[in-house]
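Architecture at a glance
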Amino acid sequence: MTAPPSPSPSSPASLSTGSMIARQAIMNGQQAVVGYELFNRSRTQHTAASDALLTFTALSHAGTDELVGQVLLFVNCTHESLGGGHLDLVSPDKVVLEIPPLGHAAAEEVHARLPILQQLRERGFHLAFNHTVLESTYAPWLPLADYIKLDLCLLAPDQVAVLVKYAGRHSQAELIADKVESAQQYDMASSLGVQLFQGFWFARPTLVQARVLTPAQTTVVQLINLVRSQASIEDIEAVLKRDAGLVFNLLRLINSAGLGMAREINSLRQAVMLLGLKKLFRWAALLLTAVRNADAPPSVATSAVVRGRLMELLAQDLQSPEEAGQAFVVGLFSMLDQLLGMPLADAIGLLDLPQSTADAVLHHRGLHGGLLALAQACERGDVAAFQEAARALGIDERRVDAAHVQALSWASAIDRDGG
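Residues numbered from 1 in each chain as written. Predicted model: local features only at pLDDT ≥ 70, side-chain atom pairs only at ≥ 80, totals over all residues. Heavy atoms only, no water.

1. Here's the deal with the overall build of the protein chain
When its secondary structure is counted, the protein chain shows 16 helices and nine strands. Burial analysis of the protein chain (419 residues in total) assigns 53% to the buried set. Restricting the contact set of the protein chain to residue pairs at least 6 apart, pairs at least 24 apart contribute 64%. Carbon together with sulfur atoms contributes 50% to the accessible area of the protein chain, which is approximately 18400 Å² in total. (Helix = DSSP H or I, 4+ residues; strand = E, 2+ residues; numbered from the N terminus. Buried < 20%, exposed > 50% of the residue type's maximum accessible area, 1.4 Å probe, protein only. Contact = heavy atoms within 4.5 Å. Areas by Shrake-Rupley, 256 points an atom, 1.4 Å probe, with all protein chains shown as cover.)

2. A few points about helix α10 (residues 321–333)
Helix length check: α10 (13 residues) gives 19 Å between terminal C-alpha atoms against 18 Å at 1.5 Å per residue, within 8%. With ten of 13 residues buried, α10 is to be regarded as a mostly interior element. Those residues of α10 not exposed but buried are Ala-324, Gly-325, Gln-326, Ala-327, Phe-328, Val-329, Val-330, Gly-331, Leu-332 and Phe-333. (Expected span 1.5 Å × (residues − 1).)

3. What about the packing of aromatic side chains?
Applying the stated criterion across every chain yields a total of six aromatic pairs. Judged by centre distance (4.9 Å) and plane angle (55°), the rings of Tyr-186 and Phe-197 are tilted. Residue Tyr-186 is found in helix α4 (residues 183–191), and its partner Phe-197 is found in strand β8 (residues 196–197); the two are separated by eleven residues along the sequence. Neither Tyr-186 nor Phe-197 differs from the other in exposure class; each is buried. Aromatic side chains Phe-197 and Phe-202 sit 5.4 Å apart centroid to centroid with 15° between the ring planes, which places their arrangement in the stacked category. Among the aromatic residues, those joined into a cluster by ring pairs are Phe-129, Tyr-138 and Trp-141. One cation-aromatic arrangement involves Arg-204 over Phe-200; the distance from NZ or CZ to the ring centre is 4.3 Å. Just above the ring of Phe-328 sits the side chain of Lys-241; from NZ or CZ to the centre is 5.5 Å. (Phe/Tyr/Trp six-rings, centres within 6.5 Å; stacked < 30°, edge-to-face > 60°. Lys NZ or Arg CZ within 6 Å of the ring centre and 35° of its normal.)

4. As for the pattern of salt bridges
Applying the stated criterion across every chain, the model contains 16 salt bridges. Notably, a salt bridge pairs Asp-317 with Arg-399, separated by 2.7 Å at the nearest N-O pair. A residue pair is termed long-range when its members are at least 10 positions apart, and Asp-317 in the loop between α9 (299–315) and α10 and Arg-399 in helix α16 (residues 397–417) qualify at 82 residues. For Arg-399, a relative accessible area of 25% corresponds to the partly exposed category. Between Asp-359 and Arg-365 there is a salt bridge whose closest N-O contact spans 3.6 Å. With a relative accessible area of 48%, Arg-365 lands in the partly exposed category. Taken together, the salt bridges that share partners define one network made up of Glu-234, Glu-237, Lys-241, Arg-269, Arg-309 and Glu-312. (Salt bridge = Lys/Arg side-chain N within 4 Å of Asp/Glu carboxyl O.)

5. Let's talk about the nonpolar core
Core analysis: the largest hydrophobic core is formed by 63 residues, its most contacted members being Leu-223, Ile-236, Leu-240, Trp-283, Phe-333 and Leu-374. Residues in contact with Leu-223, not counting those within four places in the same chain, are Ile-236, Val-239, Leu-240, Leu-246, Trp-283 and Ala-284. (Core = buried A, V, L, I, M, F, W, Y, C linked by side-chain atoms within 4.5 Å.)

6. Here we look at the confidence of the model for the protein chain
In the predicted model, the protein chain carries a mean pLDDT of 78, and the fraction of residues at 70 or more is 72%. Across the protein chain, strand β6 (residues 147–151) holds the top mean pLDDT of 97, while helix α1 (residues 48–61) sits lowest at 58. Across residues 1–18, where pLDDT falls below 50, the model places 32 contacts with residues more than four positions away in sequence or in other chains. This model gives residues 292–297 a pLDDT under 50, and the stretch forms five contacts once residues within four places in sequence are excluded. (pLDDT = per-residue confidence, 0-100.)

7. Looking at the environment of Leu-314
Its place among the elements puts Leu-314 in helix α9. Judged by its relative accessible area of 2%, Leu-314 falls in the buried class. In this structure, the C-alpha to C-alpha distance between Leu-314 and Arg-399, residues 85 residues apart in sequence, is 8.0 Å. Residue contacts for Leu-314: discarding those within four places in its chain leaves Leu-371, Leu-374, Ile-395, Arg-399, Val-400 and Ala-403.

8. Quick word on the environment of Leu-372
Tracing the backbone through its elements, the reader meets Leu-372 in helix α14 (residues 366–380). In sequence terms Leu-372 and Gly-308 are 64 residues apart; their C-alpha atoms lie 8.7 Å from each other. Setting aside its immediate chain neighbours within four residues, Leu-372 contacts Arg-307, Met-311, Val-330, Ser-334, Ala-360, Val-361 and His-364.

9. Notes on the side chain of Gln-24
If you trace the backbone, Gln-24 turns up in strand β1 (residues 19–28). Gln-24 gets classed as buried once you look at its relative accessible area, which sits at 7%. Within the structure, the side chain of Gln-24 is placed 2.9 Å from the backbone oxygen of Ala-203, a separation counted as a polar contact. When neighbours within four sequence positions are excluded, Gln-24 is seen to be in contact with Gly-35, Tyr-36, Glu-37, Phe-39, Gln-198, Gly-199, Phe-200, Ala-203, Arg-204 and Pro-205. (Polar contact = N/O pair within 3.5 Å; in protein donor to acceptor, adjacent residues only side chain to side chain.)

10. Points about unusual backbone geometry
Unusually for a residue other than glycine, Lys-179 sits at a positive phi of about 60°. Mapping Lys-179 onto the fold places it in the loop between β7 (174–178) and α4. The class for Lys-179 is partly exposed, based on a relative accessible area of 35%. Positive phi values are uncommon outside glycine, yet His-364 reaches one of about 55°.

In structure tokens, the structure reads:
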């Protein structure tokens, strides 16, 4: 067995602002990745709040090659975070919750924690424990274990041999040799029948810059209040449209593999209807936690909202309300390069949008692409391009001017209202 090549960690200095997540591969004996353990490198302390923030950020990236691809997410938890609403947003079959031991816990506390672990397992989550779950104190937890990690930096080879045999007799869990740092450790664990491995010998943790736009705090609060009062979908959609960060994060989430939706969603109305008020509230509340110290969104976000609104108003003359809503999204996402500080094609690639939407943004194809070209010409004051785009769409230039004034007034009213 020769050491497989390890990707070198990315340099933090080369990454733009965002949540810093480290991932380390968990591999089988054929060096195929079966999962990634995620670590929050933006926080120095591991708390229930950091668990929620890590899960929220990872959710928005689940299913992208950038972070986890299509494999399992192993997420470290505190016992306090296991009842958190952020887990309502997760497709359970894609997540492994790493459950920590209780230290010098009395048997009573093990039994007290048992119901929540059983509920998580019944909901479809996979549970992972370290080797302490094989101790007699944790016997009630052992039947719930899908994975058991054996820390090769803490356990001597003879201890590993005993634990492997015990786990094989008393559980159905898959064993993971953790902190494998040498060929000798790999050979030892493999000879005992362990089939999953994690450690520097296979792959060092690599840093991934998880880009999540920061919406205005006041807008998130308003959204939460509307959801709690069970407001109409129209009212909720109106608030979402006021903030580019909200729109980006919601559609990123709704189309992620972590949520397990069966089809791609590219309109806010569809997103709200499919997500449902309960999950929407959980998402907004978690987002509020993540942005509680955030400043107001930059002016580029306002410009993106104006562009999207202008395109929506023009599309309403030509399409159904839902299709016009998609025009808003195209206009908004056409400025993602400025919002995220990265090339537009890369930014659009983060969203896993339908091809028609991506083509409209990137190549001005289709009706929405034509509306985008018209809006951009209007913003630049390019008279020739403006007239050509309006003529191609069959839209009267005066109608465009009126819609632009409406969009600007709409955005100004939002600013006066504080988001």
